[in-house]
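A look at the structure
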Amino acid sequence: MAEGKTRSVSVVFQAFTDKFTSKTKKAGSTIGGFAKKAVLIGGGFLAARAGLAQFRKAFEKLDEIGKLSDVLEVSPDFLRGLDLAATQTGSSFATAQKALSRFVRSVGEAKSGTGEGVQALEILNVQLSDIENLSTEDQFFKVANSIKAMEDPTLRAAAAAKLFGRSGQDLLNLFAEG
């Protein structure tokens, strides 16, 4: 009789163990599904955060361009184009910005008959009277095209340095592209 009770306890215990194992597997798959969803939600959160960071960076860039546009009296579109061209030719917007600021100052000095801008315009065969009444953007394009047209690379580099400062030499590839 003890053997019968042992066998029935064993059967009940086995049934309980099977039920427990089944519930554990089900709970495990539920937890696994939850974990997968948590990972997806976490990944989505990280992607959204990265997207916001990119948006913020783009907004800051636009703000920088807007302020620089006001200071140098050029259009934001011109500056965005300069940014793109500088980046595509191996330079940076920061370098182009410095060069453009120096260019504006050089042309202003040349108008008053002083500074290295006078010499640079002579090297480029550009008459001050040809550019003094142009917009800054048009002055830039006229000078950039004149630099591009120069055959002597040393004179090209000298003119760029005199008009655009040290950053001007970094923009020689940009000028070469036109």
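Okay, so let's go over this structure.

What counts as what
Residues numbered from 1 in each chain as written. Predicted model: local features only at pLDDT ≥ 70, side-chain atom pairs only at ≥ 80, totals over all residues. Heavy atoms only, no water. Helix = DSSP H or I, 4+ residues; strand = E, 2+ residues; numbered from the N terminus. Buried < 20%, exposed > 50% of the residue type's maximum accessible area, 1.4 Å probe, protein only. Contact = heavy atoms within 4.5 Å. Areas by Shrake-Rupley, 256 points an atom, 1.4 Å probe, with all protein chains shown as cover. Expected span 1.5 Å × (residues − 1). Core = buried A, V, L, I, M, F, W, Y, C linked by side-chain atoms within 4.5 Å.

1. As for the overall build of the chain
- Helix and strand content of the chain: nine helices and zero strands.
- For the chain, the N- to C-terminal ordering of α and β elements is α-α-α-α-α-α-α-α-α.
- Taken over 178 residues, the chain has a buried fraction of 27%.
- Look at the contacts in the chain between residues 6 or more apart in sequence, and 57% of them connect residues 24 or more apart.
- Per element, the accessible surface of the chain, about 11,900 Å² overall, is 59% carbon and sulfur.

2. Considerations on helix H3 (residues 93-111)
- Helix length check: H3 (19 residues) gives 27 Å between terminal C-alpha atoms against 27 Å at 1.5 Å per residue, within 8%.
- Where H3 terminates, the next one or two residues include glycine 113, which has phi positive at roughly 85°.

3. Notes on the environment of alanine 96
- Along the chain, alanine 96 turns up in helix H3.
- Separated by 17 residues in sequence, alanine 96 and leucine 79 have C-alpha atoms that sit 9.1 Å apart.
- Residue contacts for alanine 96: discarding those within four places in its chain leaves Leu82, Ala86 and Leu171.

4. Observations concerning the nonpolar core
- In terms of nonpolar packing, the biggest core is built from 32 residues, with Phe140, Phe164 and Phe175 touching the most fellow members.
- Looking at this core, the elements with two or more residues in it are helix H1 (2-72), helix H2 (76-88), H3, helix H4 (116-123), helix H6 (136-149), helix H7 (153-164) and helix H9 (172-177).
- Take this core: its biggest share by element is seven residues, from H3.
- Setting aside its immediate chain neighbours within four residues, phenylalanine 164 contacts Ala99, Arg102, Phe103, Phe140, Val143, Ile147 and Phe175.

By themselves these figures say nothing about function.
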